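An overview of the molecular structure
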Amino acid sequence: MAAAIDLAKLGLRFQNEPFIVKPNPASKSTILTRAAHNLLSSQSFGRQNRAPRRLCTMCSMIDQQEKEQVVEEASDSGFTKEESSLIDALIGVQGRGRSASPKQLQDVERAVQVLEGVVGVPEPTSSSLIEGRWQLMFTTRPGTASAIQRTFVGVDSFTVYQEVYLRTNDPRVSNIVKFSDAVGELKVEATATLKDGKRILFQFDRAAFSFKFLPFKVPYPVPFRLLGDEAKGWLDTTYLSQSGNIRISKGNKGTTFVLQKETDSRQKLLSVMATGLNVKEAIEEFISLNQKVAETELELLEGEWKMIWSSQVETDSWIENAANGLMGNQIVRPNGNLKFLVDIFLGFKFSMTGTFVKSGTNTYDVTMDDGAIVIGPYGLPMEMETKTTLEIIYTDDKIRISRGYNRILFVHVRIDGSEQK
């Protein structure tokens, strides 16, 4: 039963495996000679940290001016500088934090701490901005999750919301797991009581599945009335943005939640890719919304990039797919050096190195000419050569959209942390 209550206090998602795509039948491999040990070194890169802007509190007049500036910034872009730093840290984090690397977790926690230290809505539970439906973007789970809850937390194809309605005759906080538009959702509801300007006391009292293919709701099998204190808890809001777009909350079990009403366009795109439906249309919409960036001269940014989606999903020879950068990670190094790295199994990796040269405003000629199967410090040479043109359609320091081998469309996210070397 305790596990069922934990499920009611959750946030949920799934880690997708990278797509493997079919190579061009005209692709040829050529025997070369080069030592495999040249393939074994790699280097990490990342974006530079942005210095957080602290609001002035020297006097009430200056403080009010700073508050007005925050509101103005939020109205113009939807997010302040500090909020944008948190969003940047969230891009590429899978499973709402469950599958995040230690570096990613550190970046998110740092951004959360910065936001909790700046001026937000002073008494969030008294503000109408807290009302409505919030999408869960990130959650920490310090050893309190049940087995059921741990199963749901990693499912990226599910969307998780929290609804907060406090100004009604029946104040409520509800957690919603939306499986898909075609399947339906699970809604777990709790009565809500305000303790102070930050804390909401709640008690779960009902839950049900709403499936699209059934004309009735299916009760969630939890006897909330028999669980006593196990059905109760509290939720503190430690930051609510002046725009009402971002909320940070902490629960009675020490869990931190990051929720958004208005999600960043990159987050929307990644959410669509998690479902695997209408991705090309979502990419076109994303490019349209970011036309100013797409029209500028774009660079192949240094760092380690993980392929999370491609426009071709059939597979033939995995070794040719890997050699053409159609799976795994890309490591972009200084001075025009490029490396493809693919995990095979049981510690075995495929590595392919080469070079890139800028050939146009947003295009690069790529030559990959040194491959190996690698295990630990040892490598078995698989000398190959492949040439292609890489076109950058959109890039920032967290996400890249490009066309590569055989005009295949790719989406990569950066996975190497935040400090570029």
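Residues numbered from 1 in each chain as written. Predicted model: local features only at pLDDT ≥ 70, side-chain atom pairs only at ≥ 80, totals over all residues. Heavy atoms only, no water.

Another aspect to go through is the overall build of the protein chain. Along the protein chain, the regular secondary structure elements total nine helices and 18 strands. Taking all 421 residues of the protein chain together, the buried fraction comes to 51%. When contacts within the protein chain are restricted to residue pairs at least 6 apart in sequence, long-range pairs at least 24 apart make up 65% of them. Accessible area for the protein chain stands at about 20,000 Å²; split by element, carbon and sulfur atoms hold 52% of it. (Helix = DSSP H or I, 4+ residues; strand = E, 2+ residues; numbered from the N terminus. Buried < 20%, exposed > 50% of the residue type's maximum accessible area, 1.4 Å probe, protein only. Contact = heavy atoms within 4.5 Å. Areas by Shrake-Rupley, 256 points an atom, 1.4 Å probe, with all protein chains shown as cover.)

A few words now on the packing of aromatic side chains. On inspection of all chains with the given rule, the structure shows 11 aromatic pairs. Each residue in the set F158, F179, F209, F211, F213 and Y220 is aromatic and connected to the rest through ring pairs, giving one cluster. In this structure, R199 packs its charged tip against the face of W234, placed 3.7 Å from the ring centre. Here R247 stacks its cationic end above the ring of W134, 4.9 Å away from the centre of that ring. (Phe/Tyr/Trp six-rings, centres within 6.5 Å; stacked < 30°, edge-to-face > 60°. Lys NZ or Arg CZ within 6 Å of the ring centre and 35° of its normal.)

Turning next to the pattern of salt bridges. Summed over the entire model, instances satisfying the criterion amount to 22 salt bridges. The residue D107 makes a salt bridge to K103 at a minimum N-O spacing of 3.8 Å. Of this pair, D107 and K103 both sit in helix α4 (residues 102–116), separated by four residues, roughly a single helical turn. The residue R266 makes a salt bridge to D396 at a minimum N-O spacing of 3.2 Å. One end of the pair, R266, is in helix α6 (residues 265–275); the other, D396, is in the loop between β16 (386–395) and β17 (399–403), with 130 residues separating them in the sequence. (Salt bridge = Lys/Arg side-chain N within 4 Å of Asp/Glu carboxyl O.)

Take unusual backbone geometry next. With a phi angle near 55°, N278 is a residue other than glycine that sits in the positive phi range. Looking at the secondary structure, you find N278 in the loop between α6 and α7 (279–289).

Here the focus is helix α3 (residues 81–90). α3 sits mainly inside the fold: seven of its 10 residues count as buried. Within the sequence span of α3, burial applies to E82, E83, L86, I87, D88, A89 and L90. Its buried side turned inward, α3 meets α4, β1 (132–139), β7 (232–240), β8 (246–251), β9 (256–260) and α6. At the exit of α3 stands G92, carrying a positive phi of roughly 90°.

Quick look at a nonpolar patch on the surface now. Taken together, the side chains of F345, L346, F348, I375 and Y378 present a nonpolar region at the surface, about 570 Å² in accessible area. Its place among the elements puts L346 in the loop between β12 (337–345) and β13 (348–358). (Patch = residues over 30% accessible without salt bridge, like charges linked within 9 Å, V, L, I, M, F, W, Y side chains within 5 Å.)

Here we take up the confidence of the model for the protein chain. Parts of the prediction with low pLDDT should not have their coordinates interpreted in detail. The pLDDT averaged across the protein chain works out to 79; a share of 76% of its residues lies at or above 70. A low-confidence stretch, residues 1–76 (pLDDT under 50), is modelled with 224 contacts involving residues beyond four sequence positions or located in other chains. (pLDDT = per-residue confidence, 0-100.)

The nonpolar side chains of soluble globular proteins are, as a tendency, buried together. Counting 30 residues, the largest nonpolar core has L186, I200, Y220 and F224 as its most contacted members. Elements with a contribution of two residues or more to this core: β1, β2 (159–165), β3 (172–180), β4 (184–194), β5 (199–211), β7 and β9. The element best represented in this core is β5, accounting for five residues. In this structure, W305, M327, M352 and L390 belong to the second largest nonpolar core, which totals 21 residues. (Core = buried A, V, L, I, M, F, W, Y, C linked by side-chain atoms within 4.5 Å.)

This part is about the pairing of strand β15 (residues 378–381). Here strand β14 (residues 363–375) pairs with β15 via four bridges, running antiparallel. Within the sheet, the bridge partner assigned to I373 lies in β15 and is L380. Between the end of β14 and the start of β15, which pair antiparallel, lie two residues, with G376 showing a positive phi angle near 60°. (Pairing = 2+ DSSP bridges.)

The next thing to look at is the environment of S127. Inspection of the secondary structure assignment puts S127 in the loop between α4 and β1. If near-sequence neighbours (up to four positions away) are discounted, S127 is found in contact with V121, R167 and L240.

As defined by bridge partners, β14 adjoins β16 across six bridges and the pair is classed as antiparallel. Of the residues in β16, the one forming a bridge with T367 is K387. Relative to β17, β16 is paired through four bridges, and the arrangement is antiparallel. What sits directly across from T395, in β17, is R400.

What follows is about the side chain of E189. Secondary-structure assignment places E189 in strand β4. What makes E189 buried here is its relative accessible area of 15%. Among residues more than four places away in sequence, those in contact with E189 are R172, V173, S174, Q203, F204, D205 and R206.

In this section: the environment of M307. With respect to the helices, strands and loops of the structure, M307 is situated in strand β10 (residues 303–310). In the structure, M307 is positioned 107 residues away from R414 in sequence and 9.0 Å away in space, judged by C-alpha atoms.

Let us now look at the packing of α6 against α7. Close contact between α6 and α7 brings their axes to 9 Å; oriented N to C, the two are set at 175°. Taken as axis vectors, α6 and α7 run roughly antiparallel relative to one another. Residue-level inspection shows S265, R266, L269, V272 and M273 of α6 in contact with α7, the latter providing V279, A282, I283, F286 and L289. Split by residue class, the contact of α6 with α7 holds eight nonpolar, one polar and one charged. (Axes fitted to C-alpha atoms, helices over the stretch in contact; angles between N-to-C directions. Parallel < 35°, antiparallel > 145°, perpendicular 65-115°, else oblique. Nonpolar A, V, L, I, M, F, W, Y, C, P; charged D, E, K, R; others polar.)

Turning our eyes to something else, we now look at the packing of α3 against α4. Geometrically, a packed helix pair is captured by the angle between its two axes and the distance between the axes. Where α3 contacts α4, the axes come no closer than 9 Å and their chain directions differ by 165°. By the criterion of interaxial angle, the relationship of α3 to α4 is roughly antiparallel. Along this stretch, α3 crosses α4, giving a crossing that reads as left-handed. Facing α3, whose interface residues are E82, E83, S85, L86, A89 and L90, α4 presents D107, V108, A111, V112, V114 and L115. Taken together, the residues of the contact of α3 with α4 sort by class into eight nonpolar, one polar and three charged. (Left-handed = near helix turned anticlockwise from the far one by under 90°.)

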